[in-house]
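Structural overview
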Amino acid sequence: MNTLPGRRTRILAATTATAGLMLVAACTSTDDGGSGSKTAAGGVELVKAGQLTTCTHLPYPPFQSEIDGKVQGFDVSLIDLVAKDLGVKQEILDTPFENFKTGAFLNSGECDLAAAGMTITEERKKNVDFSDPYFDATQAVLVDKNAGLTSLADVKSKNAKLGAQAQTTGEDYAKKQGFDPVSFESSDAVLNGLRTGQVKAVVIDYPVVQGWLKDKANADAFKVVDNLNTGEQYGFTVKKGNTKLLAAVDKALADAKADGTYKKLYEKWIGPYDESAASPSAS
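Position numbers for residues start from 1 in each chain and track the written sequence from start to end. Reporting in this predicted model follows two pLDDT cut-offs: at least 70 for local features of residues, and 80 or more for side-chain atom pairs to be given and counted; totals over whole chains, interfaces and linings ignore these cut-offs and use all residues. Derived side-chain values reflect all non-hydrogen atoms in the structure, with water molecules and hydrogen atoms excluded from consideration.

1. Some thoughts on the sheet that holds strand 11 (residues 201–205)
For two strands to count as paired, DSSP must find a minimum of two bridges between them. Elements are defined by DSSP. Helices are runs of H or I of four residues or more, strands are runs of E of two residues or more, and each kind is numbered from the N terminus. Strand order in the open sheet formed by five strands is 10-9-11-8-12, with mixed pairing between adjacent strands. Both edges of this open sheet fall to strand 10 (182–184) and strand 12 (222–234), since each of them pairs with a single strand only. Here the average twist between neighbouring strands, direction ignored, is 25 degrees. Note: strand 8 (residues 135–144) against strand 11, five bridges, orientation antiparallel. Each axis is a line fitted through C-alpha atoms, taken for helices only over the stretch in contact, and angles between the N-to-C directions span 0 to 180 degrees.

If you want it as structure tokens, here you go:
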């Protein structure tokens, strides 16, 4: 991540002896019965007894962000279902995004799994094992209404400053289109860059933009001029070879789609339900 080092420093300085900032999610209430065992239901081995430790990168609404003192969102709610099946609670660890590409905190035993609105890619599969896809994502181009920009091509032809979140597929896409995007560490920083005029347009996942535009001030100031179908799908990740936990994640996702829970959570956090989002198609 190339810019805004202050936020990274704040996170790491607050947790000098740990990998990141531990936050309690809106989670299940069951525990391990006081046994102190790291083995959960189905023989799933956990890094800490009585809890499913999830690595994420905050904020990334509507998938995970801190609301009313708790980390909440679509990803959080889905992983809560996994934790419930395992008979434990979910705990969330806020970590730098680049760790999700390398699987560093999974390999070091800091986390059991990672949930961060992460696109499934062949490159990332070399370092981590992905769950079944749980969300189809597109990239949106959001611009300042006063910038006179009408498309991503227009952004390029007018040499307008483009922003993206560092280490993301949105940033990769912008670079492949010949841009040298301004890199921001978090989605909040991307939006702030647009607000303050550091950039005139941004490329970022469309669900994130949907969340931003629910705020009237944002809707008055910005507009979507392009929706880029890049064929991306999100998946949760586990350490390579952690087949039992991966199976538990996939089962929870399949059950949620079958019994209507997925649809309810989708409508709560994302918006009108898109049937294709529940497709079992592989990435």
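Anyway, onward from the coordinates.
2. Details of the nonpolar core
As used here, the term nonpolar core means buried Ala, Val, Leu, Ile, Met, Phe, Trp, Tyr and Cys residues forming a set that is joined through side-chain atoms within 4.5 Å. Any residue under 20% of the maximum accessible area for its type is buried, any over 50% is exposed, and the rest in between are partly exposed; the area is computed with a 1.4 Å probe on protein chains only. Membership of the largest hydrophobic core comes to 48 residues, with the highest contact counts inside it found for L52, F74, L86, F135 and W212. Per element, the largest residue contribution to this core is seven residues, and it comes from helix 11 (residues 243–259).

3. Things to note about the state of the cysteines
Two cysteine sulfurs form what is called a disulfide whenever their separation falls within 2.5 Å. The final tally for this structure, using the stated rule, is one disulfide. In this model, C55 is linked to C111 through a disulfide, with the two sulfur atoms separated by 2.0 Å. Because the torsion about its S-S bond is 65 degrees, the bridge between C55 and C111 counts as right-handed. In this pair, C55 is assigned in strand 2 (residues 51–56) and C111 in the loop between helix 4 (104–107) and strand 6 (113–114), connecting sequence segments 56 residues apart. Residue C55 is classed as buried on the basis of its relative accessible area of 2%.

4. Some words on helix 11
In a helix, the anticipated span is given by 1.5 Å times the number of residues less one. Helix length check: helix 11 (17 residues) gives 24 Å between terminal C-alpha atoms against 24 Å at 1.5 Å per residue, within 8%. Among all positions in helix 11, only L245, L246, A248, V249, D250, A252, L253 and A256 are buried. Only heavy atoms enter the contact rule, under which two residues are in contact if any of them lie within 4.5 Å. Structurally, helix 11 contributes buried residues whose contacts are with strand 2, helix 2 (74–86), strand 6, strand 7 (128–130), strand 13 (237–239) and helix 12 (261–269). Just downstream of helix 11, G260 is the residue with a positive phi angle, here 95 degrees.

5. As for the packing of helix 2 against helix 12
Contact geometry of helix 2 with helix 12 gives a least axis separation of 9 Å together with a crossing angle of 155 degrees. Compared by their axis directions, helix 2 and helix 12 come out roughly antiparallel. The crossing of helix 2 and helix 12 is right-handed. Facing F74, S77, L78 and L81 of helix 2, the residues of helix 12 in contact are T261, Y262, L265, Y266 and W269. Note that Gly is not counted as nonpolar here; it falls among the polar residues with everything else outside the nonpolar set of Ala, Val, Leu, Ile, Met, Phe, Trp, Tyr, Cys and Pro and the charged set of Asp, Glu, Lys and Arg. Class assignment of the residues belonging to the contact of helix 2 with helix 12 gives a composition of seven nonpolar, two polar and no charged. An angle below 35 degrees is read as roughly parallel, one above 145 as roughly antiparallel, one from 65 to 115 as roughly perpendicular, and any other as oblique. Each crossing is labelled by how the near helix is turned from the far one, with a counterclockwise turn of less than a right angle marking it left-handed and a clockwise turn marking it right-handed.

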